[in-house]
Amino acid sequence: MSEKIKVLYIDDETDNLTGFKAAFRTEYRILLAENAAQAIEHLAKNADIRVIFCDQRMPGKTGVEFFEQIRTMFPLPIRILITGYADIEAVISAINRGNIFRYIRKPWIEQDITSAIEEGNKFYIANSMLQVKNQELQLAYTELDKFAYSVSHDLRGPLTGILGAIDIGREMSDINEIKELLGMMEKSVFKLEDYISSMHDYYSSRRGELKIADIDFNAVAEELKDVYGIYTSTNKIRFDIHIDQPEPFRSDEIVIRMILNNLVTNAIKYQKKHFNGKSIDINISVHDAIATIVISDTGIGIPESHFEEIFNLFSRATSHKAGSGIGLYNVKGALIKLGGHIGVSSVVGEGTVFTLTIPSK
Amino acid sequence: MKIGFIIVENIDIDIYIATELIKRMVGEVDIETFVTADAALNYITLEKAPAADRHIILLDLMLPRMHGSNFISLFEELPDHIKDSYQIAIVTSSMNKGELERLSKRPNVEMIIEKPLTRRKFKSFLEKINIPIAYTKA
């Protein structure tokens, strides 16, 4: 264990305090208090006190009363009472009301104290973990709410569009009109499909464990060219990838591919409509166990005021292109998992550059 | 009586459907399309709309930059001589019943139309606000 467990001991008899400290100072970090006021002072200063021992018989206030007093103010530390047989009724009722975790008979032996600290510490850790899990759960609920909201727009939206198109299509007889309508219906279906696959990415990247292996970025580049080459060449987008990998690199290939796919899809999606020099450049270099990936495009760009929020869930920087608002959120989440970082710079109307750094695992 | 339509919608297919329905069921009228609510509001505020006795707004709710409900709130602050010629139909795929219920009670909102916008729904909207239907097979 790197750090000693912090233990607070309260007793009005200074001999007991000194004895306690002498017995346990090597194994634990011991704080001492002669009365409730001193104890509270310690608690206020040391948020990381894990276990509190308190003597039941003290002038002014009993140990049970003291624990009852501090319980709401300092709920986390584990409360242990030290007492003789005579106080057994008070102890039982204190345990039953949840004010103390356990009690130790007087005179105590070292073994009892050690075991109480160890058990108390375990309980403390379990409790803290529960708090962390609760926070995670709260976060998950918030995300679920956002998701429910987006369901009506991103899942239902394209579907209602298609339904409306079918309805109006029923009274069309001009084949060209019908074809135009079909084209738009197709777009809606693609949008829906895009949304579903990014939802899939999102959940698999959230749930999945990393699978670390050697990555050959040249192979990754070949695959990107296979997937996007035809599309970019028919749409007159120059698509170049440059790899400089003199050393091995280890990470999760599927996650890295997901990141690249998202960024390349964006670079394609947000190209300027009527522009002759469309291009996407990817530069990947691996040096000193860090991969630096730079993806630049000649797209519509992102206003600087949106740099922060584009990585948020369901955020969309632009109105005239339909994105799901999940892509970059997934990218950022995946990078955090890989211990990496993403930065963006962009000039509206000129293009966007995403710079990623990912450490080798 | 001269009628003009304003479509506030950012989804291509929905703009297309609304435009086609207006052309087919109302006839050749002015149709202005905005993909954001703030642009539409600007247009209305500056009284750029071609002169017409009645302006009908087909308003989507989930729009980028400004939500449709914010549009309605800001619209309500416009002077009466502008507001009086406008009627709003909310066209939405929102499933938030509470929000829709509240919006349906706003003074300038004539109707909430749940997407998909179909011939039948558009017809009943036109009937409700007494716009003669030029042509329909619905």
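Residue positions are given per chain, counted from 1 along the sequence in the order it is written. The order in which chains are written sets their letters, starting at A; the order in which ligands are written sets their numbers, starting at 1. Given that the model is predicted, a residue must reach a pLDDT of at least 70 before its local features are reported, and side-chain atom pairs must reach 80 or more before they are shown or counted; all residues, however, enter totals for whole chains, interfaces and linings. Just so you know, side-chain values use all the structure's heavy atoms and leave hydrogens and water out.

1. Digging into the packing of helix α1 (residues 12–25) of chain B against helix α6 (residues 119–128) of chain B
What describes two packed helices is the angle between their axes and the distance between those same axes. Residue and element names in this part refer to chain B. This is how the line gets drawn: Between N-to-C directions, angles span 0 to 180 degrees; the directions come from axes that are lines fitted to C-alpha atoms, helices contributing only their stretch in contact. Put simply, DSSP H or I for four residues or longer makes a helix, DSSP E for two residues or longer makes a strand, and each gets a number counted from the N terminus. Any angle that is under 35 degrees is reported as roughly parallel, and any over 145 degrees as roughly antiparallel; angles of 65 to 115 degrees are reported as roughly perpendicular and all others as oblique. Each helix crossing is assigned a hand: it is left-handed if the near helix lies turned anticlockwise from the far helix by less than a right angle, otherwise right-handed if that turn is clockwise. Contacts: residue pairs with any heavy atoms within 4.5 Å of one another. Polar here means any residue other than Ala, Val, Leu, Ile, Met, Phe, Trp, Tyr, Cys and Pro, which are nonpolar, and Asp, Glu, Lys and Arg, which are charged; Gly is therefore polar.
Running from N to C, α1 and α6 point in directions that differ by 60°, and their axes come no closer than 11 Å. Classified by the angle between their axes, α1 and α6 sit oblique to one another. In this structure, α1 crosses over α6, and the sense of that crossing is right-handed. Contacts between α1 and α6 involve Leu21, Ile22 and Met25 from the first element and Arg119, Phe122, Lys123 and Leu126 from the second. Residues belonging to the contact of α1 with α6 are distributed by class as follows: five nonpolar, no polar and two charged.

2. Topic: α6(B)
All names here are of chain B. The condition is simple: Relative accessibility under 20% of the residue-type maximum defines a buried residue, over 50% an exposed one, and the middle range a partly exposed one, all with a 1.4 Å probe and only protein chains included. In this description, the arc belongs to the directions extending from the helix axis to the C-beta atoms.
When we look at burial in α6, the residues that qualify are Arg119, Phe122, Phe125 and Leu126. Buried residues along α6 cover an arc of 125° about the axis, so they all sit on one side. Among the residues trailing α6, asparagine 130 stands out with phi positive, at a value near 55°.

3. Some words on the domain arrangement of chain A
In plain terms, the rule: Start and end points for every domain follow an automatic or database-based domain assignment.
As far as domains go, chain A holds domain 1 (6–108) and domain 2 (211–361). Put simply, the middle of domain 1 of chain A and the middle of domain 2 of chain A, counted by C-alpha atoms, are 57 Å apart.

4. Quick notes on the pairing of strand β4 (residues 78–83) of chain A
Residues and elements named next belong to chain A. The condition is simple: For two strands to pair, DSSP has to find at least two bridges joining them. Note on handedness: a crossover is taken as right-handed if, strands pointing away from the viewer, the path from the first strand over the helix to the second is clockwise.
Across the six residues that make up β4, a large majority, six, are buried. Here β4 shows a buried face lined by Ile78, Ile80 and Ile82 and a second buried face lined by Arg79, Leu81 and Thr83. Bridge analysis of strand β3 (residues 49–55) against β4 gives five bridges, and the strand direction is parallel. By the bridge assignment for β4, aspartate 55 is matched with isoleucine 82. The β-α-β motif built from β3, the intervening helix α3 (residues 63–70) and the parallel element β4 has right-handed crossover chirality. Here four bridges tie β4 to strand β5 (residues 102–105), and the two strands are oriented parallel to one another. Bridge pairing in β5 places leucine 81 opposite tyrosine 103.

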